[in-house]
Amino acid sequence: MKILLIEDNPGDARLVREMLREGPTDFTLHSARNLESGLRFLAARDSAINVVLLDLGLPDSRGLETLATLRRHARDLPVVVMTSLDDEEQAIHAVRQGAEDYLVKGQVDGRLLRRCLLYAIERKRLTESMEKARQSVAESEERYRLIVDTAGEGIWVTSPDTRTVLVNQRMADMLGHSVEEMKGKSFFDFVAREQVPALREKQKDRMRGISEQYELQIRRKDGSLLWVMVSGSPLFDPENQYIGQLGMLTDISERKRIEEIKDEFIGMVSHELKTPLTVVMGCLYTLLSNKLAPEDRRQMLDDAIFGAESLSDILENLLELSRSQAQRMVLEKHTTAIGHVASEVVERLRSKSAIHRLVTDIPDDLSPVEIDRVRVGRLLTNLVDNAIKYSPDGGEIKIRARQDNGNLTVAVIDHGIGISKENQAKIFDRFQRLSKSGESGIPGIGLGLHVCRLLVQAHGGRIWVESEPGSGSTFYFTLPVRSEPASNR
Ligand code: ADP
């Protein structure tokens, strides 16, 4: 054990040396007669010294300043202060300022001195290792806090009586509250009222030690509800006492929204398929009865074909959508005159309505286009079909085509209900209908225009609408033109 004694009085120094000689522990004493030489000694071999025995009244430094200077130079060394009888108060101050202990000169015997030095060393070692442990706890706490705070999921720890003990920022953000606002509140304060009874049952399960995953609707600060997936686990202390639960919450509102859209879509498509199918089946059953006059049979067959074509149109649009989503839309392009495709569409749809007049305005000398004839036929069918559906008072519907700047521009013009500016931006999106078929009586699944846009884009063209509510709409699309003359296909 190496001791540095800083003491100017040779008599006191001798006394200390003698007292240390007794006893079982092997003490090696180095001494310095003033602070400066003490510090020099420490600077040269500080690691070897275990404890400093310091007289506060030295020739080059007096009082607490002596301790302060020493500690500035050797922060981690334990120091025992030596003081005279009339300065005990100062010694107590020294201990407050970091000295391990103090001794009053003249009241020290060998045993006390040795014990005091050994304790000082031991106490310093203990405080240091406690400080290290505290630091490592603080560091690991900081690490966990970081993990909890940066987690993508909401983390929520509650006490046995459901009060919030810990929530991370993500959880607070999900609910629109601050972390502070949530602390101490019961999680029942944050769920939709109708979920409370079911949640009470789940609380009982947690207390029984059961973990579970379930969907829950929580109430945000602004009153809106949010669907979350909760993974709830009970927490027990080492004595197996229930101390609350840990919930990991994931926002599943987007998934729920998609599920709702899917459900709505399935309902809508089934309804729209059922109507023409009922017509087809009704016609076929009536035809089976064989008691019809020839002209009625003809009418029945026409109606059945009409119904089947409607079904086929819906299914074709659905198929185009699914092909495009699977990146499997492959065009079969041929050099084609747009006039032929338009005439075929007009022929097919003319029988759909007696009150509409379908006409084409397409010059014969237009350059041919390199297109998938079937797909452009479907595109025109969708547009003309809409023109019929959304012109309830009848009137003329025209397919017009013009060529300019290397493009063919085709227009489908109606004089129907028209579309407001604001809605014009939406109608090319999937499943967008401006009025539900239930309200307007006009059938449809909101897919026709979306498929038109997919087909036009696949051909390298673009599609848009110009319209005035109440006076009709014109849908335009462009197709790139080839330079040779039109073929007769
Ligand atoms: P659907 O006709 O099956 O509803 P579409 O995608 O073909 O679906 O059309 C989307 C919406 O755009 C329609 O529901 C309708 O509100 C509006 N729309 C389409 N074409 C016209 C038109 N020619 N005139 C007025 N509104 C139209």
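No experiment lies behind these values; they were computed from the predicted model shown.

Caption draft 1: Fine view of the site of the ligand. What surrounds the ligand is a group of 19 residues, the closest being Asn 386, Tyr 390, Asp 414, Arg 433 and Leu 449. Contact between the ligand and Gly 448: an oxygen atom at 3.2 Å from a main-chain N or O atom of the residue. Considering the ligand on its own, with 520 Å² of exposed area, one finds that the protein chains cover 97% of that surface. With respect to the pocket detection grid, the ligand is positioned in the largest pocket. If you list the elements that add at least two residues to the shell around the ligand, you get α12 (373–389), α15 (448–458) and β19 (472–480). Class assignment of the residues belonging to the shell around the ligand gives a composition of nine nonpolar, seven polar and three charged.

Caption draft 2: Representation of the pairing of strand β6 (residues 79–83). In terms of residue burial, β6 counts as a mostly covered element, since five of its five residues are buried. Sheet topology note: the β6/strand β7 (residues 101–104) ladder contains four bridges and is parallel. Residue pairing in the sheet places Val 80 in a bridge with Asp 101 of β7. A crossover connection joins β6 to the parallel β7 through helix α4 (residues 88–96); in handedness this β-α-β unit is right-handed.

Caption draft 3: View of the confidence of the model for the protein. When pLDDT is averaged along the protein, the result is 91, and 97% of the positions lie at 70 or above. Here residues 484–489 is a poorly scored stretch, pLDDT under 50, and it has 15 contacts once near neighbours within four places are set aside; other chains count.

Caption draft 4: Quick look at the sheet that holds strand β12 (residues 242–251). Taken in spatial order, the five strands line up as β9-β8-β12-β11-β10 in an open sheet, and their pairing is antiparallel. The sheet is open, and its two borders are formed by β9 (164–167) and β10 (212–219), each paired with just one other strand. If you compare each strand with its neighbour and ignore which way they point, the axes differ by 30° on average. Two elements, strand β11 (residues 225–236) and β12, share nine bridges in a ladder whose sense is antiparallel. Bridged to Ser 233 within β12 is Leu 246. Seen against the sheet, helix α8 (residues 196–207) touches β10, β11 and β12 and runs at an angle of roughly 140° to β10.

Caption draft 5: A look at the layout of surface pockets. Estimated volume of the largest pocket: approximately 970 Å³. Here the lining of the largest pocket is composed, by residue class, of 17 nonpolar, 16 polar and eight charged.

Scoring rules and cut-offs
Along each chain, the written sequence defines residue order, and numbers are assigned to residues from 1. Confidence filtering applies because this is a predicted model: local features only for residues at pLDDT of at least 70, side-chain atom pairs given and counted only at 80 or more, and all residues used for totals across whole chains, interfaces and linings. Side-chain metrics rest on all non-hydrogen atoms present in the structure, leaving aside hydrogens and water. The near set for a molecule or strand comprises every residue that places at least one heavy atom within 4 Å of it. Polar contact is the term for a pair of N or O atoms within 3.5 Å; when the atoms are in protein, one must be able to donate a hydrogen and the other to accept it, and sequence-neighboring residues count only if both atoms are side-chain atoms. Computed with a 1.4 Å probe, the accessible areas rest on the Shrake-Rupley method; for each residue, only the protein chains presented here act as cover. Of the grid points, spaced at 1 Å and generated over the protein atoms alone, those admitting a 1.4 Å probe that cannot get out make up cavities, while open sets with protein on both sides within 12 Å along at least five of seven lines make up pockets; any residue with an atom within 4 Å of a point is treated as lining. The rule for placing a molecule in a cavity or pocket is simple: more than half of its atoms must lie within 2 Å of the grid points. Helix and strand labels come from DSSP, where a helix needs a run of H or I of at least four residues and a strand needs a run of E of at least two; each type is numbered from the N terminus. In the scheme used here, Gly and all other residues not listed as nonpolar or charged are polar, with Ala, Val, Leu, Ile, Met, Phe, Trp, Tyr, Cys and Pro taken as nonpolar and Asp, Glu, Lys and Arg as charged. A simple rule labels every residue: compare its accessible area, found with a 1.4 Å probe on the protein chains alone, to the largest value its type can have, and call it buried under 20%, exposed over 50%, or partly exposed in between. Strand pairing requires that DSSP identify at least two bridges connecting the strands. Think of it like this: strands point away, you trace from the first strand over the helix to the second, and a clockwise trace means the crossover is right-handed. pLDDT runs from 0 to 100 and stands for how confident the predictor is about each residue. Contact criterion: two residues are considered in contact whenever any of their non-hydrogen atoms come within 4.5 Å of each other. Here an angle of 0 to 180 degrees is reported between the N-to-C directions of two axes, which are lines fitted to C-alpha atoms, with helices fitted over the stretch in contact. Grid points are joined across faces, edges and corners, and a volume is the space filled by probe spheres set on the points.

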